[in-house]
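# Structural features, examined
If you want the building blocks of each chain, they are given just below.
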Amino acid sequence: MSEPVAVPACAIPGTPLANATAGIMACVHCGFCLQACPTYLALGDENDSPRGRIFLMRSLAEGDLALDDPSVHTHIDRCLGCRACETACPSGVPYGALLEATRATLAQVVKPPLRARLILALFARRGLMRAVVAAARALRATGIPRLLARLPGDLGFAFAMLASSASPLSRARYRSRGTGARGSVSLLRGCVMEGLFAAANRATERTLVANDYTMVPAPNQHCCGALHAHAGDLEGARTLARRNIAAFEAAGAELVVTNAAGCGALLKEYGHLLADDDAWSARAAAFSARARDVSELLAAAGPRVGAPISYRVTYDAPCHLQHAQRVHAEPLVVLDAIPGLERVALVDSDQCCGSAGIYNLLEPALSAAVLAPKIAHIEVTGATLVVTGNPGCLMQIGAALCRAGVPARTVHPVELLDASYAAAARSGR
Amino acid sequence: MALHTETPSRASGPQPEQAQDRRGALIQTEALASLLAAIVGERGVLARPSELSAYSSDGLPGYRLRPRLAVFPHTTQQLVDVVRLLARKQCPFVARGAGTGLSAGALARGDAVVVGLNRLNRIISIDPLNRLAVVEPGAVNVTLSRAAGAYGLHYAPDPSSQTACTIGGNVAENSGGPHCLKYGVTLNHVVALKVILPSGEITTLGNADGEAEGYDLLGAFVGSEGCFGIALEVTVRLTPNPQGVRTLLADFTSIDAGARATSAIIAAGILPAALEMMDGPTIRAVEASIYAAGYPADASAVLLIELDGMDEGLDADVQRVEAHCLAAGARTVRIAANEEERTRLWQGRKKAFGAMGRIAPDLVVQDAVIPRTRLPDVLREIAAIAELRQIQVCNVFHAGDGNLHPNIGYDSRNPDESRRVGLAMRDIMQACIDAGGTITGEHGVGLDKLEYMPKIFSPESLAAQCALRDAFDPERRANPGKVVPVHSCREWVGA
Amino acid sequence: MGGRVSTVRVQERVREHVARGAPVRIVGRGGWLDGGRPVDDFEPLSLADDRAIVEYVAGDLTLTARAGTTLSDIAAATGAEGQWLALDPFGSRNGTLGATIATGSAGPLAHAFGTPRDTVLGLEVVTGGGEIVRAGGRVVKNVAGFDLTRLFTGAWGTLAVITEATVRLRARPERDETVALLVPADGALGDWLARLRILPFTPLALEMVNSPLSATLGLEPAALLLARLGGNDDAVRAQRQLLGALGDMRDVPASVWSTLATAEPNGASVARVSAPPSRLHAIWPVLSRIDAGSLAHATVGRGVVRSICAPSDDGNGQRWLAAIGTCEGTHIFERLPARAWRTIPCRVDDPISRAVRTAFDPARILNRGILGEVA
Ligand SMILES: Cc1cc2nc3c(=O)[nH]c(=O)nc-3n(C[C@H](O)[C@H](O)[C@H](O)COP(=O)(O)OP(=O)(O)OC[C@H]3O[C@@H](n4cnc5c(N)ncnc54)[C@H](O)[C@@H]3O)c2cc1C
Ligand code: SF4
Ligand code: SF4
């Protein structure tokens, strides 16, 4: 029990962090989040744990630590933003929001590294981004990345990521039909998804149609802004959010769907992101209320069962689906609709793979440390396909499997369902 | 939360030994840091104040003390070398597991080094035939049970913090948990310890291969709160998973009725595996959390009762328990239909303390134990104290053992509320002592309960405890200033 | 605190002995004074008259009694409430609570309920320095302070004179029945014991007795497993069924346990050999057949064999000691001829134990020599 002491007024008034102190105070220091945190497990330092990071945030807010304190930056930078701590926390600490507020506050003092700024700038520019991914796609088509994937170091890993973005399934060709009775949906195509995982986007459209949704194009959409928000560039994220809200409003569909867990998590948080913007807050909240992950829509529809395809598969939950959106069962319901799959449980499937947006580019060593146990667990399953619904995870895990020589590939769950539907179409069912 | 650094924030009462004898100051901190780094590597030592802050509190963050340094050995050998170095430099140290302790026990004042054991987390071996496991001190409680699960065994002591706390911390605190009602606390499950004494000497206590003979130094070490040395290797007994389990949830419209049901079940000689109580405010905090368990939100109290053992005979006991609950006034008694529901009911209970963070920014918790027939009286008294002091108490506790956990949520930025909470804490503790109870059943004394020790022990008895400590740590360098308030000890004859 | 007349009287006696440097021998009812090493040169300090139950609230399942209270006093009081103190050390039920705790003695019930260290909740003692000290408390869970209760329990009175104790009680099971099974031949013993260990229930006691001991107990002269089953009707019925699958089973009167407790002849030598339970099948054949007449019994779940050598002049003592010596495991001797103790290593001569002894009995006046400690 403590003697009453005067608590200093917030040391950094007006910053995003200052507005988040209620969330910080919700932490009772119980430590339940420690074992959920990949960076704590990898490094064994509480400064790299949720509880420790919250303590750092609090010290910033209370003025115990300065905004330019290098250790604060180190430990906040090392956070994956996977939000596994949130689903472990009984006290309801909104860690994801705290992290964004902290990064935004720190970014006011110390700019993020050049690498990060360049990447974010790229994602914010639609034309440029398209050109870059088109080039990447062309490179992938040459087969060179697969050859260079075993090069040591970050470069080799980058090639491996690119190589692993190719779909492991043969192209499905069938015409999908449905009644459209479940309502109209617009797809957020996603910068990386449309660029490197177009097959998953087409599969999304076909499977939704097959499950009685109507697809409505939303032509003026942009990058969702998730990477910007996670890096502390809240303004950049807000700009993109406004554009997307307008674009999807114009499209007029009842729901907005995405197959990228990272994008989906932010779409569902546009309301929070723009809460202080009087002109946009209501529109943003309405938009977030309409956002869904594709697995949610498919699960709600049943979904229709396809024809048997035989693979040994294991499911890895993307953090932004599992922890941020708290969508746990739906992807498994999607897999349930595919006869013939041999499903093997993956140990710690709810743990981060270390991809975390552009984290693997910024903190490669730690990312690799977080990834290592994941690959070991996958290898034990003997699965040939690792199913996960997020582009970052698909590439991160895919690259590591390729480099480790594990005979398994990554695939989006919707693509598997699509393949099952295609098989059904072939067999004339 | 209070912003004390350096001195623990205690309203009054005996202060722990202050850092006035800064023996460790014999060596410059930077020099010590580099000697430690030579053992564990640069990344295994924290020296910056900003990075030491994370180690300035445990699960009871009303206390903050910033350590001098923190060091994280990766191997047992490194740990041994660290302790021996600290011995040579006469530097005080504090072992730290996961820092989930609830008595400010893992805090190190400014002259002491925190020795973090969380990286020593291997399960060294499991012997399913003899139901023994050997683990490193930093192994997390639940990981041991998971590993033992492959053999149909588990590690029985299950503190609510089991997903986070370490076996070393459990040994140091003699931790309990819901299932300790039937299966016993940590003490009853540790068969041998390899420890390093503060002097740097390594010794084995207890006997994993048979009966132990001589003084029960193992029993003395378990629960010594890090003041006797550091456990390097822990041999524990594993328990077979029960064949059958029945989990009951009884809900009551008054705490009193729940307390009466508890007393009646225990007095009837039924020994449930666990018998836990949660009151209304606790239930509502849990139901608002991610661990919502489906407790009736309008109840004033629920009892979570688990019976286990052979399938045959279990249902007869279930019926008796049910009858006692109904006779005491339970509205309903529900039995978990499957493992999923059982897990959910337990998750809600185990995360209840954490869930209270949503009630108020600050939280204090007590840990008194009272005779079980006194439960109804003492709970009534606690309610009266809460009313008098105008504070909110949430009760969630091991009712079957009479081990109370009144939690008080408040806002430390409100000085008047803080003062009233302080007074209520003392009133509650006094009520428990008057009922024939003790001040802590499983969280330990640490810094938090030092002031109450003289209320239950005479100066001679306190001095005798110090004398035992001195047999292990004559220099009193291991976790200095904890457990026994030396100022209230009498001079010890033998010392 | 600590103001009881009888305690103060003990304190005065101890202080007076400290002043004179004269050792005392702490005595309960004197039934087991040949346990442990010989204590020479002493004056007795008897606690037998300090015999009273201080507090017993049945609903709490705890009991506080003075050290001289006998186990049968406690059994009578608690039995009336359908409860018991689940400690059944060997020897007469007239043994005192204080002595049972001081020597850490336990019997077959330890299989289910452990030893005094698992049962004692609190103690009042007078230390060898003449201080009245209270350890632990009267509640069933307690971590307040360093654990002197465990330290004094099983210390054989070398640190302090126990004057009062609080113990945890248990409810008597609805049914309490004993059955006997034939122990299989040596070759099959390992497997059989393994099957016993994985039974899905914990019997109150599971004790193997060798054939001479069976005869002493009035049972058929064969190696037998005595299983004490407890629980409600359904449970005991099921337990019988499971046990019955392990061999030829018959009912045995409950009195077999009290007969077993007093089966050893006066002046016998007694040793316990313990090892991990999975090795019991290797020790048992050796210790159960040392001599035609040597008695042996084993607590199956704890891996402890207790071997009893009747006194005689034909040198059987040497054979017996030699046989025990061949068994791998921990050897603890309860009673031996005085001469034989010299060869047995002392278990309290490590630095911590010596420091503890010095702290609590600086003048070395309490039960001096009983643990073989060098002054
Ligand atoms: C939400 C919550 C619920 C809890 N529920 C329970 C419960 O049900 N039952 C219960 O008993 N406790 C409970 N606790 C308290 C706490 O979890 C236990 O005391 C636990 O044993 C502490 O383990 P730790 O690893 O976190 O130890 P720490 O907090 O790190 O350390 C505790 C003490 O142990 C010492 N120590 C640590 N490791 C060693 C070692 N290897 N050798 C020697 N000393 C060492 C430290 O110096 C310190 O004094 C709870 C705590 C929380 C936050
Ligand atoms: S689980 Fe939540 S309340 Fe507990 S320490 Fe972690 S963030 Fe804080
Ligand atoms: S978001 Fe992930 S990495 Fe960051 S603190 Fe939470 S669990 Fe750890």
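The rules behind these values
- Residue indices begin from 1 for each chain and proceed along its sequence in written order.
- Starting at A for chains and at 1 for ligands, labels are handed out in the order in which the entities are written.
- Where totals are concerned, whole chains, interfaces and linings use all residues; where local detail is concerned, this predicted model gives features only for residues with pLDDT of at least 70, and gives and counts side-chain atom pairs only at 80 or more.
- The side-chain quantities take in all heavy atoms of the structure and omit both hydrogens and water.
- By the criteria applied, helices consist of DSSP H or I runs no shorter than four residues and strands consist of E runs no shorter than two, each listed in order from the N terminus.
- Radius of gyration here uses only the C-alpha atoms, and the compact-globule reference equals 2.2 Å multiplied by the residue count raised to the power 0.38.
- Under the scheme applied here, a residue whose accessible area is under 20% of the maximum for its type counts as buried, over 50% as exposed, and between as partly exposed, the area being computed with a 1.4 Å probe on protein chains only.
- Residues are treated as being in contact if the distance between any of their heavy atoms lies within 4.5 Å.
- Here, Shrake-Rupley sampling with a 1.4 Å probe gives the accessible areas, and only protein chains in the shown set may cover a residue.
- Here a residue is near a molecule or strand as soon as one of its heavy atoms is found within 4 Å of it.
- Think of it as three bins: nonpolar holds Ala, Val, Leu, Ile, Met, Phe, Trp, Tyr, Cys and Pro, charged holds Asp, Glu, Lys and Arg, and polar takes everything else, Gly as well.
- What fixes the domain bounds is an automatic or database domain assignment.
- Throughout, the accessible surface (probe 1.4 Å) given up by two parts as they are put together, summed over both, is called the buried area.
- By salt bridge we mean one thing: a side-chain nitrogen of Lys or Arg within 4 Å of a carboxyl oxygen of Asp or Glu.
- Residues enter a nonpolar core if they are buried and are Ala, Val, Leu, Ile, Met, Phe, Trp, Tyr or Cys, with the set joined through side-chain atoms within 4.5 Å.
- For two strands to pair, DSSP has to find at least two bridges joining them.
- Axis lines are fitted to C-alpha atoms, over the contacting stretch for helices. Their N-to-C directions set the angle, which ranges from 0 to 180 degrees.
- Lining residues are defined by having an atom within 4 Å of a point belonging to a cavity or pocket. Those points lie on a 1 Å grid over the protein atoms alone, cavities being sets where a 1.4 Å probe fits but cannot get out and pockets being open sets with protein on both sides within 12 Å along at least five of seven lines.
- Grid points are joined across faces, edges and corners, and a volume is the space filled by probe spheres set on the points.

### As for the overall build of chain B
A tally of helices and strands in chain B yields 16 helices and 18 strands. Its C-alpha radius of gyration of 22 Å places chain B within 12% of the 23 Å reference for a compact globule of 495 residues. Each of the three principal axes of chain B carries a C-alpha extent, and together these read 65 × 60 × 45 Å. Classification of the 495 residues of chain B by burial places 66% in the buried group. Summarising the internal contacts of chain B: among those between residues at least 6 apart in sequence, 73% fall at separations of at least 24. Carbon and sulfur atoms form 50% of the exposed surface of chain B, whose accessible area is close to 15,200 Å².

### Concerning the overall build of chain A
Counting its regular elements, chain A contains 24 helices and 8 strands. A compact globule built from 429 residues should have a C-alpha radius of gyration of about 22 Å, and chain A, at 21 Å, falls within 12% of that. Along the three orthogonal principal directions, the C-alpha set of chain A runs to about 75 × 50 × 45 Å. Classification of the 429 residues of chain A by burial places 60% in the buried group.

### Concerning the site of ligand 3
Residue and element names in this part refer to chain A. Lining the immediate environment of ligand 3, one finds 13 residues, of which Cys-37, Cys-79, Cys-82, Arg-83 and Cys-85 sit closest. Elements represented by at least two residues in the shell around ligand 3 include exactly helix H2 (38-43), helix H3 (50-62) and helix H5 (84-88). When the residues that make up the shell around ligand 3 are grouped by side-chain class, the tally is 9 nonpolar, 2 polar and 2 charged.

### Considering the arrangement of the chains
The assembly contains 2 pairs of chains in contact; the pair sharing the most contacts is chains B and C. In this assembly chain A lies apart from chain C, the nearest approach of their C-alpha atoms being 18 Å.

### Thoughts on the environment of B:Thr204
Residue and element names in this part refer to chain B. Tracing the sequence through the fold places Thr-204 in strand S9 (residues 202-206). Distance from Thr-204 to Leu-36, taken between C-alpha atoms, is 25 Å for residues 168 residues apart in sequence. Beyond its immediate stretch of four places on either side in the chain, Thr-204 contacts Leu-193 and Lys-194.

### Quick look at the domain arrangement of chain B
All names here are of chain B. Examined at the domain level, chain B breaks down into domain 1 (1-241) and domain 2 (242-356). In this complex, domain 1 contributes 15 residues to the contact, which on the side of domain 2 involves 16 residues. Each partner contributes to the roughly 1,200 Å² buried at the junction of domain 1 and domain 2, and carbon and sulfur atoms together form 54% of this total. Counting every contact that joins domain 1 to domain 2 gives 2 salt bridges. One salt bridge connects Asp-308 with Lys-182, and the closest N-O pair in it is separated by 2.6 Å. When residues in the side of domain 1 that touches domain 2 are grouped by element, the largest group, 4 residues, is from helix H6 (residues 180-183). Its residues assigned to classes, the side of domain 1 that touches domain 2 shows 6 nonpolar, 7 polar and 2 charged.

### What about the side chain of B:Lys449?
All names here are of chain B. For Lys-449, the position within the fold is in the loop between helix H14 (415-434) and helix H15 (453-456). Lys-449 gets classed as buried once you look at its relative accessible area, which sits at 1%. Beyond its immediate chain neighbours, meaning those up to four positions away, Lys-449 contacts Leu-102, Ser-103, Asp-367, Met-429, Ile-439, Thr-440, His-443 and Gly-444.

### Re the nonpolar core
By size, the foremost hydrophobic cluster in this structure holds 165 residues, and its most contacted members are B:Leu193, B:Phe252, B:Leu468, B:Phe472, C:Leu151, C:Val356 and C:Phe360. With residues near it in sequence (within four places) discarded, B:Leu193 still touches B:Val171, B:Thr203, B:Thr204, B:Leu205, B:Leu218, B:Phe221, B:Val222, B:Ala231, B:Glu233 and B:Val234.

### A short note on the sheet that holds strand S8 (residues 190-196) of chain B
All names here are of chain B. In space, the 5 strands of this open sheet follow the order S5-S6-S10-S8-S9, with antiparallel pairing throughout. Single-partner strands in this sheet number two, and they are strand S5 (123-127) and S9. Across the sheet, the mean angle separating the axes of adjacent strands is 15° when strand polarity is ignored. Summarising the sheet, S5 and strand S6 (residues 132-135) pair through 4 bridges and their orientation is antiparallel. Bridge pairing in S6 links Ser-125 to Val-134.

### Some remarks on empty space enclosed by the protein
Residues and elements named next belong to chain B. Inspection of the entire model under this criterion finds 12 cavities of 30 Å³ or more. Of the volumes computed, that of the largest cavity is approximately 760 Å³. When contributions to the lining of the largest cavity are tallied by element, the ones reaching two or more residues are strand S3 (93-96), helix H5 (167-173), strand S10 (230-237) and helix H11 (339-350). In terms of residue count, the dominant contributor to the lining of the largest cavity is H5 (5 residues). Split by residue class, the lining of the largest cavity holds 17 nonpolar, 23 polar and 7 charged. Each of two domains, domain 1 (1-241) and domain 2 (242-356), supplies a minimum of three residues to the lining of the largest cavity. Its boundaries defined by the atoms lining it, the second largest cavity holds a volume of some 120 Å³.

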